[in-house]
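Structural overview
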There are 2 protein chains.
Amino acid sequence: MPQKSLAVSDFACSDCPIRHRAVCSRCESGEMEQLDAIKYYRRFEAGQAIVWAGDKMDFVASVVEGVAALTQTMEDGRRQMVGLLLPSDFLGRPNRESVTYDVTATTEVTLCCFRRVPFQGLIEATPHLSQRLLEMTLDELDAAREWMLLLGRKTAREKIASFLFIIARRDASLKNFGGLESLSFDLPLTREAMADYLGLTLETVSRQMSALRRDGVIELQGKRHILVPSVEALMDETGDDADGGVYS
Amino acid sequence: MPQKSLAVSDFACSDCPIRHRAVCSRCESGEMEQLDAIKYYRRFEAGQAIVWAGDKMDFVASVVEGVAALTQTMEDGRRQMVGLLLPSDFLGRPNRESVTYDVTATTEVTLCCFRRVPFQGLIEATPHLSQRLLEMTLDELDAAREWMLLLGRKTAREKIASFLFIIARRDASLKNFGGLESLSFDLPLTREAMADYLGLTLETVSRQMSALRRDGVIELQGKRHILVPSVEALMDETGDDADGGVYS
DNA sequence: GGATGTATTTGATCGAGATCAAAGCGACGG
DNA sequence: CCGTCGCTTTGATCTCGATCAAATACATCC
């Protein structure tokens, strides 16, 4: 098997349909066996809770299929999404039992779980693994920082456009698209979940979606399917620079 | 010298006044020598740029003294702070040359820099180092997620109270305070920088500071020194739960 | 002391997005 | 086919924080 050029998605448990990004190409096969020994699959329905804030979590996991959301909630019910996990994303902290946010299945979700304590042992025994996790966590931190700019400074219209662009980009990269002119994809979130992602109300989300449709930036097919006739026109609405953002 | 119980701040370069959190207690002295061999100090004036977004960065660093801010800027000048580095915090990505945000000295800053490429080599040779960096990065990610809740869902007053609480807590932990009733500290940021931190305008920051003073939640001594007569009263204004938040 | 400049406070007004309220639209089951 | 339920859209109004503008505090320099 020829070696891929990137260290992303280049390893799989023996029977996972996706390849886990957490493990790098240089790992030896023995580690794969060790991973197989401590793993199990879990399936969640759309809307089902995976863990609650404050709960103990005795596993870490890769998302195999579906979409899961991390949300923080205030006592009075105000909610903010703080993470969105797509297939191959990693969930959990090897060294910490509890978690500070709710994790919910947004669509039907399959997780490939690894028992936390043995996984931690595997990390200690396998330098490449913690280096790879460090890389992934730093990428997630960069994404969180872009998200903070969106939450703190962008207008509602820019937030919606940015969100559509982010989803389109992640969707496209999963399908191995390049820099296409037009793009079409399904929204993995309800209007309410989009609102929680963007720090808006669902009414504002709906209104701005309508506005972008009216202005020809997007077309809606049903409630959830989006068609972007010009990716560039969408980009222009995000408030971001035209360059940057090649990486997730 | 007796060994401390926590793996935080328990290592120092031979002549750094602070102990770098990035290196753990189990490291052997040979690694300290290796660190010493690739390090150098840099000093920055208040307001001075450390790196610009898009620049190549040939080092990673620990903050030894002072405060540095990470900010993202939009073309039209809107700015959002996305990170605030205090002494012992880590800056940079071992495996990436470029950086996606501006780094600016907020006060006078001293960095203990390590040349990036040799540091990366050291990581590969030293498993504990990447595990420690992973822990620190995950902590930073958790902090970023709380920050996202603040930016997306909190009111201006809650944002200010949360900010004061965060600074007070970090300041107190540096001084090894416990759970004190009252607290006093200096703000490391101007009103404008606070606004960039909180996703507000400087006028709103000023107004809400005045409102908290009027309501007896804080006292101002000069523009920058804050006295909190009741930490609990301040907590009540943040919108957060009374528990959680023992960690930074 | 007076002049200059920067950080901050305070005031008046405006507007984007929240809130409250009511339809519209499918999907599903009877 | 109709009724129900959840999701979404649209409308009317209100409010919090932004914006525009001016005054005040406090350095530093002459």
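Predicted model, so just to flag it, every value in this text is computed and none were measured.

Thoughts on the pattern of salt bridges
Enumeration according to the criterion identifies 34 salt bridges over all chains in this entry. We note a salt bridge from D240(A) to K154(A), for which the minimum N-O separation is 2.9 Å. Note that D240(A) is positioned in the segment after α7 (231-238) and K154(A) in the loop between α3 (127-153) and α4 (156-174), a separation of 86 residues in sequence. Take D240(A): its relative accessible area is 28%, and that puts it in the partly exposed class. With a relative accessible area of 10%, K154(A) lands in the buried category. A network of salt bridges, in which partner residues are shared, links R93(A), R96(A), E135(B), D139(B) and D142(B).

A short note on the pairing of strand β7 (residues 102-105) of chain B
Residues and elements named next belong to chain B. Note: strand β2 (residues 49-51) against β7, two bridges, orientation antiparallel. Residue pairing for β7: V51 is matched across the bridge by V103. In terms of strand pairing, strand β4 (residues 68-73) meets β7 through four bridges, oriented antiparallel. Among the inter-strand pairings, T71 is bridged to a residue of β7, identified as D102.

Looking at the protein's contact with DNA strand C
Of all residues adjacent to DNA strand C, which total 18 residues, the nearest are A156(A), T204(A), R191(B), S206(B) and S210(B). A breakdown of the atoms of DNA strand C within 4 Å of the protein gives sugar and phosphate a share of 63%. Between a phosphate oxygen of DNA strand C and a side-chain N or O atom of R224(B), the distance comes to 3.4 Å. Elements with a minimum of two residues in the surface near DNA strand C: α6 (202-214) of chain A together with α6 (202-214) of chain B. Residue composition of the surface near DNA strand C, grouped by class: three nonpolar, seven polar and eight charged.

Considerations on the relation of the copies chain B and chain A
Between chain B and chain A, the superposition needs a rotation of 180 degrees and an axial shift of 0.0 Å, giving an RMSD of 0.0 Å. Here the transformation between the copies is reduced to the relation of a two-fold axis.

Brief notes about the pairing of strand β3 (residues 59-65) of chain A
All names here are of chain A. Of all seven residues in β3, six are buried; the element is thus mostly enclosed. Relative to strand β8 (residues 109-115), β3 runs antiparallel, the two sharing six bridges. Among the inter-strand pairings, V63 is bridged to a residue of β8, identified as L111. Here two bridges tie β3 to strand β6 (residues 90-91), and the two strands are oriented antiparallel to one another. Bridging across to β6, S62 finds its partner in F90.

Remarks on helix α2 (residues 116-125) of chain B
Residues and elements named next belong to chain B. Within the sequence span of α2, burial applies to R116, F119, L122 and I123. One side of α2 holds all its buried residues, which, seen down the axis, span an arc of 115 degrees. Across from the buried face of α2, at angles greater than 90 degrees, the exposed residues are V117 and A125.

Some details on the protein's contact with DNA strand D
In the vicinity of DNA strand D, 18 residues are found, and the nearest of them are R191(A), S206(A), S210(A), A156(B) and T204(B). Within 4 Å of the protein, the atoms of DNA strand D are drawn from sugar and phosphate moieties in a proportion of 62%. At 2.8 Å from a phosphate oxygen of DNA strand D is found a side-chain nitrogen or oxygen belonging to S206(A). For DNA strand D, a base nitrogen lies 3.1 Å from a polar atom in the side chain of E203(B). When residues of the surface near DNA strand D are traced back to their parent elements, those giving at least two are α6 of chain A together with α6 of chain B. With six residues, α6(A) is the single largest residue contributor to the surface near DNA strand D. Looking at side-chain class alone, the surface near DNA strand D contains three nonpolar, seven polar and eight charged residues.

Looking at the nonpolar core
Counting 118 residues, the largest nonpolar core has I50(A), L111(A), L164(A), I50(B), L111(B) and L164(B) as the members making the most contacts within it. In contact with L111(A), not counting residues within four places along its chain, are Y40(A), Y41(A), R42(A), F44(A), I50(A), F59(A), A61(A), S62(A), V63(A), V64(A) and L91(A).

Looking at the interface of chain B and chain A
Taken together, the contact between chain B and chain A spans 48 residues of the former and 48 residues of the latter. Across the chain B to chain A interface the summed buried area is about 4600 Å²; carbon plus sulfur atoms make up 54%. Interface area lost by chain B to chain A is led by R145(B), M148(B) and R153(B), which between them contribute 18%. Run the count over chain B and chain A and you get 16 salt bridges. When the shortest N-O distance is used, the salt bridge between E140(B) and R145(A) registers 2.7 Å. Our count for the contact surface shared by chain B and chain A stands at 31 residue pairs in polar contact (both at pLDDT 80 or more).

Here's the deal with the sheet that holds strand β9 (residues 183-186) of chain B
All names here are of chain B. Overall, antiparallel pairing links the three strands, which are arranged β9-β11-β10 in an open sheet. Among the strands making up the open sheet, the edge pair consists of β9 and β10 (219-221). Within the sheet, the average angular offset between the axes of one strand and its neighbour, ignoring direction, is 20 degrees. As defined by bridge partners, β10 adjoins strand β11 (residues 225-228) across three bridges and the pair is classed as antiparallel. Each bridged residue has a counterpart across the sheet, and for E219 the counterpart in β11 is L227.

Quick word on the packing of aromatic side chains
With the rule as written, the count across this model stands at eight aromatic pairs over all chains. Each member of the aromatic cluster is reached from another via a ring pair, and the members are F90(A), F114(A) and F119(A).

Definitions and cut-offs
Residues numbered from 1 in each chain as written. Chains lettered and ligands numbered in written order. Predicted model: local features only at pLDDT ≥ 70, side-chain atom pairs only at ≥ 80, totals over all residues. Heavy atoms only, no water. Salt bridge = Lys/Arg side-chain N within 4 Å of Asp/Glu carboxyl O. Helix = DSSP H or I, 4+ residues; strand = E, 2+ residues; numbered from the N terminus. Buried < 20%, exposed > 50% of the residue type's maximum accessible area, 1.4 Å probe, protein only. Pairing = 2+ DSSP bridges. Near = heavy atom within 4 Å. Polar contact = N/O pair within 3.5 Å; in protein donor to acceptor, adjacent residues only side chain to side chain. Nonpolar A, V, L, I, M, F, W, Y, C, P; charged D, E, K, R; others polar. Least-squares fit on C-alpha atoms with pLDDT ≥ 70 in both. Arc of directions from axis to C-beta. Core = buried A, V, L, I, M, F, W, Y, C linked by side-chain atoms within 4.5 Å. Contact = heavy atoms within 4.5 Å. Buried area = accessible area lost by both parts, 1.4 Å probe. Axes fitted to C-alpha atoms, helices over the stretch in contact; angles between N-to-C directions. Phe/Tyr/Trp six-rings, centres within 6.5 Å; stacked < 30°, edge-to-face > 60°.

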